[in-house]
Amino acid sequence: MNTPQTVKTIQLLVNGAQIEREVEVRTLLSTFLRDDLGLTGTHVACEHGVCGSCTILVDGRAVRSCLLLAVQTDGTSVETVEGLGSLGDLSPLQEAMWREHGLQCGFCTPGILMSIEGEARSGSSAEEICDEVLSGHVCRCTGYQNIRTAIHAYFATRHGS
Amino acid sequence: MTTISETPRRVSGVVGQAVPNVEREAKTSGSSIYAGDVELPGLLHARILRSTHPHARIRNIDLSRLAGMPGVIGVVTAQDLPDRMYIHHGGPLSDRGVLASDVVRFVGEEIVGVAAETPAAADQALSCIVVDYEVLPSAVSVSEALGPEAPLIHSGGNVPVRHARRWGSVPAEQEAAVTVSGTYLFGRQTHACMETNTVTASWSSATGMLDVWISTQSPYLVRKELAHVLDLDVHHIRVHEVAVGGGFGSKSKISEYEAIACALSMKTGRPVRLALTREEEFTTAKCRHSFEINLETSATAEGMLVRRDASMTVDNGAYNHSGPSVMAYAGQVLGSLYRIPAVNVDAELVYTNKQPGGQFRGYGGPQAIFALESQMDEVADQLGIDRVDLRILNANLAGDTTLTGWRIDSARLVECLETARSAIGWQGRGAKAPEGRGIGFAASIHVSGANIYEGADKSSATVEVDTDGRVLLRFGAADAGTWQNTVVAQFVAHELGIEPDDVQLITMETDATPTELGSWSSRGTYMSGHSVGQTARDVAEELRLHGAAMLESPVDEVWLHAGVVTNGVTSVGFGVVVQERLGGSLVRTREITLTNVDQVNRETGISNLSGAYSFAVHAVEVSVDEGTGKVKVERYVAVHDSGQIVNPIAARSQVIGGVAMGIGYALSEELLYEGGMSMTRSYIQYPLPRAADLPEIEVIFVEGDDPNGPYGAKAIGEIVLIPPGAAIANAVADATGVRMRELPLTPDRVLAALHQRDRKPKRNYRIGQRPSRWQIAVMRAWYPRGLHQFLHKFGTRWGRPAQRAELLAVETPVDEAAASAALARPGARVIAGGTDLLPARRQGLVQPSVLVDIMTIPTVGRIEQSGSDVAVGAAVTLADLAIWSQDQLSVLHEAITAIATEQIRLMATVGGNLCQQNRCWFLRNDFMCYKRGGVSCPCYAVTGDHRYYHSVIDSHRCQSVTPSDLSTVLSALDATVEISGGDRKRSMKVVDFYTGPGEVRLGRGEYLRSVVIETDKFSGHDYRKLNRGHGDFAMISAAVSVATDMNGTVTDARVILGAMAPVPYRVHDAERLMVGRTVNAIDVAAAAEAWCRRAHPLERNEWKVQAGAELLQRSIAAALARTQSGGKP
């Protein structure tokens, strides 16, 4: 059953770094990021693309990493929450998120951050993100209200800078 | 041991301040380590083989095929474990082992654990284990379990607990002027924590130590259970600190999978990770118990409550867990809210062959309050007393002791009621409300930690100051997203005069913290406020004592500030103080025991369960769409008496999140089963509120000062979730005059109740006069009379599901010719966005060995416009088509933006949406149904729950529908599909593309290439959709296009109903009543109704006929209006 075709070598940019890896064709991108690259900031919560926890950016677009095979990202640029900022060096969006208390258990937070980041870069307004984009995520703790405030605060800093 | 002696209140300092989350950076940077992120060398991945039957005897478990399987390292069955039951409720009520050894009692019960090098290898191993079952008769509902011929689920009978509480008596002078009664049904919900239950376990035979990283609210309770079932000393188990991705009660005790991972680690000698899948979480994690409560409330003419009589039946599921205490607590709530002289509660807990219930935020409170507070409105209305006034009249007051022995030391229920009334703007019943709007209230009471287990009245903490002046808190609870860690840091900071960020925390580590039972039963802030506060005060006192000596000042003239002891002139650092005076770190540990609580009395139900009781009043305004039955929450005010608020941000977050969860169970969330098998196994089948579904929630704290609460505080975590169901049902009653007694308030239930209110006649579908429907009508008639059981029992044995196949390759053709060639390979299938294909593959519906990725072919990824015609390539994403159509064809834009979510639309394609498999929750959830298994298998929707996603017109043997919203709107646009890949290119109308539910006219090797739309064919359009929540598939959709001539006469029309028939349903009846008439002469209502006589609904989806006609009427009217306004809305 293990024909040579079941694995494939892929090359991609992950958070700006060039990566070359051999992966099994059936491997999901979320699994590849977490298990092969150790980028555990990408959380998997539903495996169906419904909850948004595993959202990352592929070529700048906010997509579900549980709905892509790793081999489909060959030649693309992938960004995860680890690329957004790090402990002690948070991005303005991450900063806005905690300043407005948009997180509780934190499990859905990285996916939500990546969605907001992707949509903000592609020119969506704060209102569009609060309504439509945020509705692409399930958060069981916060009731979303503080996340909305954080989105507006983030946009205020973007316009301020 | 210390009893509480001092309780400082009305403090100024860090307690009470809006302190940000102490874990803010870790959580926003993604660097928090959750249990599934713990990396250990040699880590194995575990999976669990679970029962496929609701009730069966295990004759044999054949593991022989696992021998020598590559990557499979260890297996455990019940034989490998000590013969122990989980402690759970304790005593004779303990009824569940780690792995089933003899009998399985629900679908999903654990039988075998497997550890392998990879998750895939573990999955492979599961498929090679053969369990020989002797299927036993099952009882999957309470009525079946209590029936005369009910099978015994456990040897002691199907009612493990029954009690009759008789509290108080009615004084002779109180005469009841009014008595209301009713039966209240409360469905099952699941916590749906974002992080599924996950554990990483590592056993060392060299040291005899078991290390466990687990997503839990209570490391110490998990350790105790693990030690018991694995026969280890508790001190040989170390639970470690991790981030916890939500709990809501589900992780407040052991979750019946951890021991399997531990046993596998002990057997293999390697670390093992076991992370439940979302499906396992939905189908096996302990859920909220469903209740049936028969309640009767009496009051005097003046509105004083006289008595309450309840009989409750609780669906326990297959095992006890916390069922006995959830039931007992619900009874106590009935005996505690409002002053009342007599309350009787008869209750029985009933085993059923379903996933067991367990502890869930609110713990029986939501069920009891739904019944109790619904009846308060009914009593008020019958007496002609204002609904809020009636509650104020009977409100609990400070100093009261309830019939159940709860000593109410502080209560601001009256103020909460008054505040809620004014914040929502309630003017009383007579006040004129906008059409379809209504306001409702509900109050609640809840404990601040219930003393229901040994040691639950105790809490411990250790506070250390080292010679560098650093402050460390050791506390054994876990923060599952409640801000517990921030709150405990605040207590320490408050007492030591430092910033919360300067308090280092060690939590959850059972080897490095004193015993603390954890964060459940709303005990987090209350208990830690006592223990952490007291310990920190001890440390502060010593620092002051020694510091004062060093500063040569009197002790009462020094204070602590920013890490120093100071007298205002000179200061000395904490580090120097402990170095100089103690010669090393200052370490203090205190265990506190509440002195004002009783041990729970399981005989009478009377005991002071908790140190303090919180109160809440929620006020809500809803709108009810009487045409479709859809209820929307428009405004929400939550008013809380939780004593002094320790951290307003954290408390407010708890309230908003809890209300969101409450709106979920009130309107949409419900676990559903058929024959003991779940149909709600993913977020898509269990719609929980999303951002767009929720109103802005206003939170008001009516702060008080509890005399026994730490810093005057009482609990907040659970009470937030108790009032929403009752408040929303009361608001619906206010809006419509209809009293809804079953939650959730789904459109079908609301519409049925409105129908009854209006005494509408039942529709007659005249099936007897429609020979084309006879075959299906006969089949449906025979299903409940044995045909379903016959096909289910015998026919499914011949079921032919898709053969499992390994995914070998993903081809990326560069042009259409290459794609055609690739698709000609056996097992080849198109992949585009993958949003349906990959989940469907996991669900066993498709098993491609080669995927042909058409996203790489430029010609099928383009939108090409020539004149008024536009050709949309199949690989165009919905997001791109939404952008294109915004200005060009707004109806298409409206339809697309109602599909799923923005992130899915960025991936999903036009072709994928049109060709998606149907969404029937039997098909998607592993039922061996007609569609999955073939002709010998039953359609489970005929007798199962078919309220939302099944057909009401023209159904075949499969009762499902084509779910694609795009198919509905493109049919209305009279669009054409172009098909490539076969012998020749061909095209057909979209409406003709479908042959059945999610079945399309594509031959082998063919693929959908593009869709062609004539954009100016019609001048007026409309699309609308009714779904269960934001992003969900349609229950009903309607799309209408109209063309008119110069005189305003309709020359052409397309009227389409989606999700109502196996294929997009073209409503010719309506079109005939429109074409040839001027717009103003069209009888819109008649056109929208015309198809109804052709309907053939199932028993429980007839509401879709009613709502479909309503939606269609709105859609036709809107399309006609637009054609008159030149296409503009």
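Predicted model, so just to flag it, every value in this text is computed and none were measured.

1. Digging into the overall build of chain B
Here comes step 1: For chain B, the helix and strand inventory stands at 29 helices and 44 strands.
Here comes step 2: A compact globule built from 1129 residues should have a C-alpha radius of gyration of about 32 Å, and chain B, at 32 Å, falls within 12% of that.
Here comes step 3: Principal-axis analysis of the C-alpha atoms places the extent of chain B at approximately 100 × 80 × 70 Å.
Here comes step 4: Residues counted as buried form 66% of the 1129 residues belonging to chain B.
Here comes step 5: Considering only contacts within chain B whose residues lie at least 6 apart along the sequence, 77% involve residues at least 24 apart.
Here comes step 6: Working note: accessible area of chain B is about 37,900 Å², and carbon and sulfur atoms make up 49% of it.
Here comes step 7: Averaged over its 108 positive side-chain charges, chain B has a centre that lies 7 Å from the centre of its 126 negative ones.

2. Some details on empty space enclosed by the protein
Residues and elements named next belong to chain B.
Here comes step 1: A full pass over the atoms with the stated rule returns eight cavities of 30 Å³ or more.
Here comes step 2: In this structure, the largest cavity encloses a volume near 100 Å³.
Here comes step 3: The wall of the largest cavity is formed by Arg50, Arg96, Glu110, Asn197, Ser250, Ser255, Glu256, Tyr257, Leu276, Thr284, Ala285 and Lys286.
Here comes step 4: Residue composition of the lining of the largest cavity, by class: three nonpolar, four polar and five charged.

3. Examining the interface of chain A and chain B
Here comes step 1: The interface of chain A with chain B comprises 69 residues on the first partner and 82 residues on the second.
Here comes step 2: Applying the counting criterion to the chain A and chain B interface returns five salt bridges.
Here comes step 3: Where Glu132 of chain A meets Arg905 of chain B, a salt bridge forms, and the shortest distance between an N and an O atom there is 3.0 Å.
Here comes step 4: Between the two partners, chain A and chain B, sit 37 residue pairs in polar contact (both at pLDDT 80 or more).

4. Details of the packing of aromatic side chains
Residue and element names in this part refer to chain B.
Here comes step 1: The final tally for this structure, using the stated rule, is 22 aromatic pairs over all chains.
Here comes step 2: An angle of 90 degrees between the planes, with centres 5.5 Å apart, marks the rings of Trp921 and Tyr949 as edge-to-face. Of the two residues, Trp921 is situated in the loop between helix H24 (910–914) and helix H25 (930–933) and Tyr949 in the loop between H25 and helix H26 (965–972); the sequence distance between them amounts to 28 residues.
Here comes step 3: In textbook terms, an aromatic cluster arises when at least three aromatic residues are bridged by ring pairs, as seen for Tyr184, Phe186, Phe370 and Tyr665.
Here comes step 4: Here the guanidinium or amino end of Arg523 rests over the ring plane of Trp520, the centre of that ring lying 5.1 Å away.

5. Here's the deal with the pairing of strand S14 (residues 290–299) of chain B
All names here are of chain B.
Here comes step 1: With seven of its 10 residues buried, S14 lies for the most part within the structure.
Here comes step 2: Examined bridge by bridge, S14 and strand S15 (residues 305–317) share 10 bridges and lie antiparallel to one another. Considered in S15, the bridge of Asn294 is made with Ser311.

6. Re the confidence of the model for chain B
Here comes step 1: Summing up the model confidence of chain B, the mean pLDDT is 95 and the portion of residues at 70 or higher is 99%.
Here comes step 2: Confidence drops under a pLDDT of 50 for residues 1–11 of chain B, and excluding neighbours within four residues, the segment shows 30 contacts in the predicted structure.

Conventions and cut-offs
Residues numbered from 1 in each chain as written. Chains lettered and ligands numbered in written order. Predicted model: local features only at pLDDT ≥ 70, side-chain atom pairs only at ≥ 80, totals over all residues. Heavy atoms only, no water. Helix = DSSP H or I, 4+ residues; strand = E, 2+ residues; numbered from the N terminus. Rg over C-alpha atoms; globule rule 2.2 N^0.38 Å. Buried < 20%, exposed > 50% of the residue type's maximum accessible area, 1.4 Å probe, protein only. Contact = heavy atoms within 4.5 Å. Areas by Shrake-Rupley, 256 points an atom, 1.4 Å probe, with all protein chains shown as cover. Lys, Arg positive; Asp, Glu negative; His and termini not counted. Charge placed at Lys NZ, Arg CZ, Asp CG, Glu CD. 1 Å grid on protein atoms, 1.4 Å probe; cavity = no way out; pocket = protein on both sides within 12 Å on 5 of 7 lines; lining within 4 Å. Points joined across faces, edges and corners; volume = space filled by probe spheres on them. Nonpolar A, V, L, I, M, F, W, Y, C, P; charged D, E, K, R; others polar. Salt bridge = Lys/Arg side-chain N within 4 Å of Asp/Glu carboxyl O. Polar contact = N/O pair within 3.5 Å; in protein donor to acceptor, adjacent residues only side chain to side chain. Phe/Tyr/Trp six-rings, centres within 6.5 Å; stacked < 30°, edge-to-face > 60°. Lys NZ or Arg CZ within 6 Å of the ring centre and 35° of its normal. Pairing = 2+ DSSP bridges. pLDDT = per-residue confidence, 0-100.

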